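Descriptive analysis of the structure
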Amino acid sequence: MTEHITIPTHAGEPLSGPLISVAPVALPAEGRPAELQLRVTAPMTDRTLPVVVLSHGHGPSQYASSLYGYASLANYLAASGFVVLQPTHPDSLTLGLRSADHPEAPLYWRTRAHDVSRVLDHLGVLVEFVPQVAGRVDVDNVAVVGHSMGGHTAGMVLGARPRDPATGEPVNARDERIKAGVMMAAPGRGGDALTPNAARHYPVLADTDFTTMTAPTLVVAGDQDHARHLNVIGAAWQTDAYHLAPGPKFLLDVHGGEHSLGGISGYDVAETTDESLPRTAMVMRLTAAFLRTQLGLDPQAWTEETTRLARASAHLATVSEKS
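Description of empty space enclosed by the protein
Taken as a whole and assessed by the stated rule, the structure comprises one cavity of 30 Å³ or more. Of the voids in this model, the largest cavity is the one considered here, and its volume is about 40 Å³. As for the largest cavity, its lining consists of Gly151, His152, Gly155, Met156, Ala160, Met183, Pro187, Thr208 and Phe210. Examining the composition of the lining of the largest cavity, we find that four residues originate from one element, helix H4 (residues 149-158), more than from any other. Grouping the constituent residues of the lining of the largest cavity by class yields five nonpolar, four polar and no charged.

Structure below.
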């Protein structure tokens, strides 16, 4: 049987229309090392659209780490009933700032979290600036999704507190406007879990407190995502946000999944090492279902999708939950 992705226009409803995607949209960003640009993607036909801010990773591909990446995920989420906002963070290769003389380079971890909040600060103006979504956006119903370093960013705005290497103080970037989130292939705990090279080059990963991350969160982790250049624990490192944070938390343990979770960072992205359409389709379905339930679009979406996974596709992933 051929596996494929069925793109809904609105989950649970028949296909009823195309998506719109507008980019680049620039927001005011005083003091930021580069202009804040983002992409807006939404269904043309749905009515009240909750907001998903999608934070890209720090990967090596030229455009995947920018508003031009993660198109498959952005399109799927938009087709599932959300307006998706994709900011380009300062660590994007498209901006050439990774080697800049800046205290946050190369990761720009604090600015990344501020980017998410800055997008929400300007949400009212933004949706009016893009007439295709004006009047259809639920600005009070917001979630965040992030992959890899974007998962770290999502964790911060959901309540996780990394320790600032410069001051030694924990950084609280929690944005209370964000009701729920999804962390995909995100960094885990620091301390003796890090390799010496990671501790030296990415000191912000050395100490993150997940006990303050109380918002409902889905952690997506590949059981073959060993990230040996960053940690000595193995693939379980990417599940720390689930195990170390208080509930409600949900874990999607992706069988055979490596860091790209089958290709989540975009269409035919070169850095994908485990390309698998069934795997990527499953991750997108579960992500959309989780957000649709958490943001009130469909209270049964998560239960229905996890039941379907257990019955028909258990070889792809296992779901765990804690309250």
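Next comes the rest of the description.
Topic: the layout of surface pockets
Counted as a void, the second largest pocket has a volume near 490 Å³. As for the second largest pocket, its lining consists of 25 residues, and the residues nearest its centre are Gly59, Ser148, His229, Leu230 and His259. For the lining of the second largest pocket, a count of residues per class yields 12 nonpolar, 11 polar and two charged.

As for the packing of aromatic side chains
Across all of its chains, the model carries four aromatic pairs by this definition. Taking the centre distance of 5.7 Å and the plane angle of 80 degrees together, the rings of Phe250 and Trp302 count as edge-to-face. Residue Phe250 is found in strand S10 (residues 249-254), and its partner Trp302 is found in helix H8 (residues 301-312); the two are separated by 52 residues along the sequence. Assessed through its relative accessible area of 6%, Trp302 is described here as buried. With a centroid separation of 5.6 Å and an interplanar angle of 80 degrees, the aromatic rings of Phe290 and Trp302 are classed as edge-to-face.

Looking at the nonpolar core
Counting 54 residues, the largest nonpolar core has Val51, Val83, Leu85, Leu126, Ile178, Met183 and Met213 as the members making the most contacts within it. Aside from chain neighbours lying at most four places away, what touches Val51 is Val83, Leu85, Leu123, Val137, Asp138, Asn141, Val142, Ala143 and Leu295.

As for H8
Compared with the 16 Å implied by 1.5 Å per residue over 12 residues, the 16 Å span of H8 between its first and last C-alpha is a close match. Buried within H8 we find Ala301, Trp302, Glu305, Thr306 and Leu309. Here the buried residues of H8 occupy an arc of 120 degrees about the axis, which is enough to place them on one side. For H8, the exposed residues set more than 90 degrees away from the buried face come down to Glu304, Ala310, Arg311 and Ala312. Summarising the contacts, the buried residues of H8 are in contact with strand S9 (217-222), S10, helix H7 (277-294) and strand S11 (317-322).

Some words on the packing of helix H2 (residues 109-121) against H4
Their axes nearest at 9 Å, the elements H2 and H4 cross at an angle of 65 degrees. Considering the relative orientation of H2 and H4, their crossing is right-handed. Note on element contacts: H4 touches H2 through Met149, Gly150, His152, Thr153, Met156 and Val157, opposite Trp109, Arg112, Ala113 and Val116. Grouping the amino acids of the contact of H2 with H4 by side-chain chemistry returns six nonpolar, three polar and one charged.

Remarks on the pattern of salt bridges
Pairing between side chains of opposite charge can happen when their charged atoms approach one another. For the structure shown, the criterion picks out 12 salt bridges. Arg174 is paired through a salt bridge with Glu176; the nearest N and O atoms lie 3.7 Å apart. Glu176 gets classed as exposed once you look at its relative accessible area, which sits at 63%. One salt bridge in this structure joins Arg279 and Asp274, with 3.3 Å as the shortest N-O distance. Across the pair, exposure class does not vary: Arg279 and Asp274 are buried alike. Through salt bridges with shared partners, one network takes in Arg32, Asp115 and Arg118.

Conventions and cut-offs
Residues numbered from 1 in each chain as written. Predicted model: local features only at pLDDT ≥ 70, side-chain atom pairs only at ≥ 80, totals over all residues. Heavy atoms only, no water. 1 Å grid on protein atoms, 1.4 Å probe; cavity = no way out; pocket = protein on both sides within 12 Å on 5 of 7 lines; lining within 4 Å. Points joined across faces, edges and corners; volume = space filled by probe spheres on them. Helix = DSSP H or I, 4+ residues; strand = E, 2+ residues; numbered from the N terminus. Nonpolar A, V, L, I, M, F, W, Y, C, P; charged D, E, K, R; others polar. Phe/Tyr/Trp six-rings, centres within 6.5 Å; stacked < 30°, edge-to-face > 60°. Buried < 20%, exposed > 50% of the residue type's maximum accessible area, 1.4 Å probe, protein only. Core = buried A, V, L, I, M, F, W, Y, C linked by side-chain atoms within 4.5 Å. Contact = heavy atoms within 4.5 Å. Expected span 1.5 Å × (residues − 1). Arc of directions from axis to C-beta. Axes fitted to C-alpha atoms, helices over the stretch in contact; angles between N-to-C directions. Left-handed = near helix turned anticlockwise from the far one by under 90°. Salt bridge = Lys/Arg side-chain N within 4 Å of Asp/Glu carboxyl O.

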